[in-house]
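# A structural walkthrough
Chain residues, written in single-letter form:
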Amino acid sequence: MTRKNSSCKTRTLVWKCCGRNAALFTLSLILQLVVMPVGMILSIQGQLQNMDLSNIEERNAVWEQIHGLLYEGQMGMLVLAGLAILCGIAMFRYLHVKQQTDFFHALPVTRGQLFASHVLTGVLAVVPAYILCMALSCGVCVAYGFADVVQMDVLLLSMAVHLAGFLLVYAVTVLAAICCGNTLVSLLVCGWFQFGLWVGCEAVDALIYVLYPARVYGNASMPVWLSPFLWTMSAVNPLADDWSEKTVHYFYDCLPGMLLSLAAAAVILALAYWLNHIRKSEHTGLSLAFPKLEQPLKLYIVSTVAISCGIIIQSTVISWTVMFFSMAVAALITACVVEIVYHQDFGSLFYRWKSLLMYGVLCAVVLGCMAKDITGWNSSLPERDAIVSAGISSDLEEWDYMPHEAMTEDDIIYSGRDTMYYLLHYLYDDLSGMEEENKENYIDYWDGSLLESQEALDAMYQSASIGAEAMKGDRSRLQTAPEQWGYTVTFILKNGKTFRRQYYMPSDSEELAQYGAAVRFSEEYQKAYTPAAFARANRDRVSRMMVMNYGDVARYSADEIKNPRTISDILDTLYEESQELTQEYCTEHMPVLALRVAGQEETWAQSDLTDLSMRGRDLDDLIDIPVYACETDTLELLKENITDFHTGFITEEIAQMEIRTYTEDYHEKKVTLRATEPTEAKTMQKWLPYVIPQEFDVLIDPVYYHRKSDHEYVEAYVAVRMKDGAEADCYCYRNVEEMG
């Protein structure tokens, strides 16, 4: 009997294989029943104990919970991924036992038929049970009165996404099982296939970030598609959203990931099929059934573990010497462990030590060159004459050359005309990894706020020169030194290329503060990039204007102007007067009013805007503008449109002031001034012009902090209590000794 005319068909093999693995089918069904329909029942019961379904808001909360469980199903996806690994190993475990391998290969069937029957059996062990459990989950939703959660189109797409993820993890596991000749090793290799590439890329990126601190895109999260398991778990995230009005949009969000998973699974299974075809039976029992894979896999594992350990140590001790030493030790230990696993013998600790030594020397040379920065990448700058536009952003306000009043999110300052689009790109790329196409978009949208005037370019180039010079020294502690702040430099060159670097300097750097002020008070910046200029340019979008003085902050109250014509006149007048603001004036004066301009976005158009600590994420729809005492025409316009108009604090409304200061050794000194005591009231009058609510602090130009040539001042914390009981927490940036 030959294999070609064998009566043993694939369907017969599948049927027999299913019978031999009945326990696997049972386990799959039980696990999915517990997680899906039973889990749905327990979740709904728990919600109903604390919720009143007659209340529409509480019912919606329960509805959203059920919606997430049914469609996103993170626990269900986790169980599917676990079953994929279990089935993949179980179906091809016969390749790890010599007697079983010889038996199956002696049957009158082709290896292709064996491969197909075992792959199909693993799929059948999970997929029918999954479909049944999803149907039961839908029945549970209907039984509890939430039939409106079940949407057939969304349900089918959700199932397709989950099953595509299962097939991807399953295919990777099958590949690992075929590559190995031992079950335990196949589990280890499967884990490495699932996470190794992602971990390795993360480790290399972190190492480059440490050795090249000027790299702007350093330490970004790697794309999750590098890890089949993580990709599978993240692919279901869009399914958590309410699709009732945006089905088509979310369909296209899920479809690419699903198709990519299916395509990857098909390619991996094809590779597994080919490897199964050429796999030698005599390699059963070995750690790897393909000995030629041992050396490259070993070097990759050694490199990844060594770099990861080095980065962890570096984050703890902040020493490149210790980092490199720990990398060498980790590499040696990992190489020994890998050889023990390969040969299943503790006597093979130093097997292939010569190749490891050569690889170690090569790595040492490469790392040494990177540490010494022999190319000068960290400290190089383009020629000044080659720059046509530039911008610098910083997480320290006094260095930030963009509108620091505009928007603050997680201590990073954003600015420019396309801020929201830029922010979305930034957050997305930070989570999913920034690819080349995304990098181009990131730069293009950021360029909306680049400056071109010679005075601005000169100041920013000098700032970049300071950072580049610092990169020539010891770079090991630049990012982690106390009071060390970063700033990102962007230059657009005449040849159209973009130069971007991130530098680090101490926060008390006087030069950078001066250069930042030079840019902010340049004519080009004042005309286009101040909050007043930006609000005026977008006045057609303004729905309301809120006017707040110091006392309003304490009471969380404010006057509003909603007349479009009046708002337009105020913005025009304020813009014209803001062009006359000088660095010298802002050095000595604080804003006396805050204008909050809200756009037509529903979030801001209907919200209570009196809490100035609430900063908007969309610059187009919420802008805070400082108003100074010298802007008299603007103040007159506001006075005409607001009843009981005044600036700053009203002396007659204040009951007392509590002033707290701290000595160099952090001992607190507290003084209370009462309006009812003539002497204390006189001292209070002396303090009031220099006291500003904490919520106004973001509106003060940083040059005010640096009035003195030595840039030193004693800060006081002042609590101003009104006669009506309201209280405002304030700052005072004047020297306390001078204030008496």
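## Notes on the overall build of the protein
Broken down by element type, the protein carries 27 helices and 14 strands. Across the 740 residues of the protein, 51% fall into the buried class. Summarising the internal contacts of the protein: among those between residues at least 6 apart in sequence, 75% fall at separations of at least 24.

## Things to note about the pattern of salt bridges
Under the counting rule described, the total for this entry stands at 17 salt bridges. Across the pair Arg59 and Asp148 runs a salt bridge whose closest N-O atoms are separated by 3.7 Å. Note that Arg59 is positioned in helix α3 (residues 56-72) and Asp148 in the loop between α7 (127-143) and α8 (152-179), a separation of 89 residues in sequence. As a salt-bridge pair, Glu294 and Arg352 come within 3.1 Å of each other at their nearest N and O atoms. Pair noted here: Glu294 is in helix α12 (residues 294-317) and Arg352 is in the loop between α13 (320-343) and α14 (353-372), with a separation of 58 residues, a long-range link.

## Digging into a nonpolar patch on the surface
A grouping of Leu332, Leu349, Phe350, Trp353, Leu357, Val361 and Val365 is seen on the molecular surface, where their side chains present a nonpolar patch of about 690 Å² in accessible area. A total of 4 residues in the nonpolar patch trace back to one element, the largest contributor, which is α14. Relative to the elements of secondary structure, Leu332 occurs in helix α13. Taking the relative accessible area as the measure of exposure, Leu332 reaches 43% and is therefore partly exposed.

## Side note on the packing of aromatic side chains
Pairs of aromatic rings are described using the distance from one ring centre to the other and the angle between the two planes. Enumeration over the complete set of coordinates arrives at 16 aromatic pairs. On the numbers, 5.1 Å between centres and 70° between planes, the contact of Tyr550 with Phe649 is edge-to-face. One end of the pair, Tyr550, is in helix α21 (residues 550-555); the other, Phe649, is in the loop between α25 (632-641) and β10 (654-662), and 99 residues separate them in sequence. Judged by its relative accessible area of 5%, Tyr550 falls in the buried class. By relative accessible area, Phe649 is classed as buried at 12%.

## Notes on the sheet that holds strand β1 (residues 387-394)
With respect to topology, 3 strands assemble into an open sheet ordered β1-β4-β5, the strand pairing being antiparallel. At either margin of the open sheet sits one strand with a lone partner, and together these are β1 and β5 (498-506). Adjacent strand axes in the sheet meet at a mean angle of 20° when their direction is disregarded.

## Some remarks on the environment of Ala558
Locating Ala558 in the fold gives a position in the loop between α21 and β7 (559-561). Given a relative accessible area of 28%, Ala558 falls into the partly exposed group. For the pair Ala558 and Val547, spaced 11 residues apart in sequence, the C-alpha to C-alpha distance is 5.9 Å. Non-local contacts of Ala558, meaning those with residues more than four positions away in its chain, are made with Met546, Val547, Met548, Asp552 and Thr610.

## Points about the side chain of Ser389
Checked against the element boundaries, Ser389 lands in strand β1. Setting aside residues no more than four positions away along its own chain, Ser389 makes contact with Leu450, Leu451, Glu452, Leu457, Thr490, Phe491 and Ile492.

## Observations regarding the pairing of strand β14 (residues 727-732)
With 3 bridges joining them, strand β12 (residues 691-693) and β14 adopt antiparallel strand pairing. Bridging across to β14, Ile692 finds its partner in Tyr731. In terms of strand pairing, strand β13 (residues 716-722) meets β14 through 6 bridges, oriented antiparallel. Within β14, the residue paired with Tyr717 across the bridge is Tyr731. Where β13 hands over to β14, the hairpin turn is made up of 4 residues, of which Gly725 adopts a positive phi near 95°.

## Quick notes on the sheet that holds strand β9 (residues 622-627)
Backbone-to-backbone hydrogen bonds join strands into a sheet, with any given pair of strands oriented parallel or antiparallel. The strand order β7-β6-β8-β9 describes an open sheet built from 4 strands, whose pairing is antiparallel. At either margin of the open sheet sits one strand with a lone partner, and together these are β7 and β9. Here the strands of the sheet are splayed against their neighbours by 25° on average, with no regard to which way each runs. When strand β6 (residues 544-548) meets strand β8 (residues 593-598), the two strands line up antiparallel, connected through 5 bridges. By the bridge assignment for β8, Met545 is matched with Val597. On top of the sheet, helix α22 (residues 564-578) reaches β6, β7, β8 and β9; it is set at about 60° to β6, its chief contact. Across the sheet, α25 touches β6, β7, β8 and β9, and the angle it forms with β8 is around 70°.

## Digging into the nonpolar core
In terms of nonpolar packing, the biggest core is built from 73 residues, with Ile66, Leu70, Phe92, Val161, Tyr170 and Ile178 touching the most fellow members. At 18 residues, the largest contribution of residues to this core is made by α8. In this structure Ile66 touches Met40, Ile44, Cys141, Phe146 and Val149, once residues within four positions along its chain are discounted.

## As for the environment of Phe324
Its place among the elements puts Phe324 in helix α13. What Phe324 contacts, discounting residues up to four positions off in sequence, is Leu211, Leu367 and Ala371.

## Regarding helix α9 (residues 183-211)
Between its first and last C-alpha atoms α9 spans 40 Å; for 29 residues at 1.5 Å apiece the expected length is 42 Å, and the two agree. The largest bend in α9 comes to about 50°, at Phe195. By the N-cap criterion, in which a side-chain oxygen at the helix start approaches the backbone nitrogen of a residue two or three places on, α9 is capped by Asn182, the distance to Leu184 being 2.9 Å.

## Considering the environment of Gly467
Tracing the backbone through its elements, the reader meets Gly467 in helix α17 (residues 454-470). What makes Gly467 buried here is its relative accessible area of 1%. If we skip the residues at most four places from it in the chain, Gly467 touches Tyr487 and Tyr503.

## Description of the pairing of β1
Judged by how many residues are buried, β1 sits mostly within the fold: 7 of 8 residues are covered. In this structure, β1 lies alongside strand β4 (residues 484-493), joined through 7 bridges in antiparallel fashion. Within the sheet, the bridge partner assigned to Ser394 lies in β4 and is Tyr487.

## Considerations on the state of the cysteines
Summed over all chains, the structure comprises 0 disulfides. With no disulfide of its own, Cys180 lies closest to Cys179 among cysteine sulfurs, the gap being 6.3 Å. Assessed through its relative accessible area of 0%, Cys180 is described here as buried.

## Here we look at the confidence of the model for the protein
For the protein, the average pLDDT comes to 81, and 84% of its residues sit at 70 or higher. Between residues 403-448, whose pLDDT stays under 50, and residues either more than four places distant or in other chains, the model counts 95 contacts. Contacts of residues 616-620 to residues separated by more than four positions or lying in other chains number 19 contacts, the stretch itself having pLDDT below 50.

## Things to note about the packing of α8 against α9
Two elements in contact, α8 and α9, have axes whose closest approach is 8 Å; the angle formed by their N-to-C orientations is 135°. The angle between α8 and α9 falls in the class oblique. Regarding α8 and α9, the two cross each other, and that crossing is right-handed. Along the contact surface, α8 presents Val169, Val172, Thr173, Leu175, Ala176 and Ala177, while α9 presents Ser186, Val189, Cys190, Phe193 and Gln194. Looking at the contact of α8 with α9, its residues break down into 8 nonpolar, 3 polar and no charged.

## Focus: the packing of α9 against α14
It is at 9 Å that the axes of α9 and α14 come closest, and there the two elements cross at 40°. The angle between α9 and α14 places the two elements in the oblique class. Here Leu207, Ile208 and Leu211 of α9 lie close against α14, whose contacting residues are Leu367, Met370 and Ala371. Of the residues that constitute the contact of α9 with α14, the class distribution is 6 nonpolar, no polar and no charged.

Analysis parameters
Residues numbered from 1 in each chain as written. Predicted model: local features only at pLDDT ≥ 70, side-chain atom pairs only at ≥ 80, totals over all residues. Heavy atoms only, no water. Helix = DSSP H or I, 4+ residues; strand = E, 2+ residues; numbered from the N terminus. Buried < 20%, exposed > 50% of the residue type's maximum accessible area, 1.4 Å probe, protein only. Contact = heavy atoms within 4.5 Å. Salt bridge = Lys/Arg side-chain N within 4 Å of Asp/Glu carboxyl O. Patch = residues over 30% accessible without salt bridge, like charges linked within 9 Å, V, L, I, M, F, W, Y side chains within 5 Å. Areas by Shrake-Rupley, 256 points an atom, 1.4 Å probe, with all protein chains shown as cover. Phe/Tyr/Trp six-rings, centres within 6.5 Å; stacked < 30°, edge-to-face > 60°. Pairing = 2+ DSSP bridges. Axes fitted to C-alpha atoms, helices over the stretch in contact; angles between N-to-C directions. Core = buried A, V, L, I, M, F, W, Y, C linked by side-chain atoms within 4.5 Å. Expected span 1.5 Å × (residues − 1). Bend = angle between axes of the 7 residues up to and from the residue. Polar contact = N/O pair within 3.5 Å; in protein donor to acceptor, adjacent residues only side chain to side chain. Disulfide = S-S within 2.5 Å. pLDDT = per-residue confidence, 0-100. Parallel < 35°, antiparallel > 145°, perpendicular 65-115°, else oblique. Left-handed = near helix turned anticlockwise from the far one by under 90°. Nonpolar A, V, L, I, M, F, W, Y, C, P; charged D, E, K, R; others polar.

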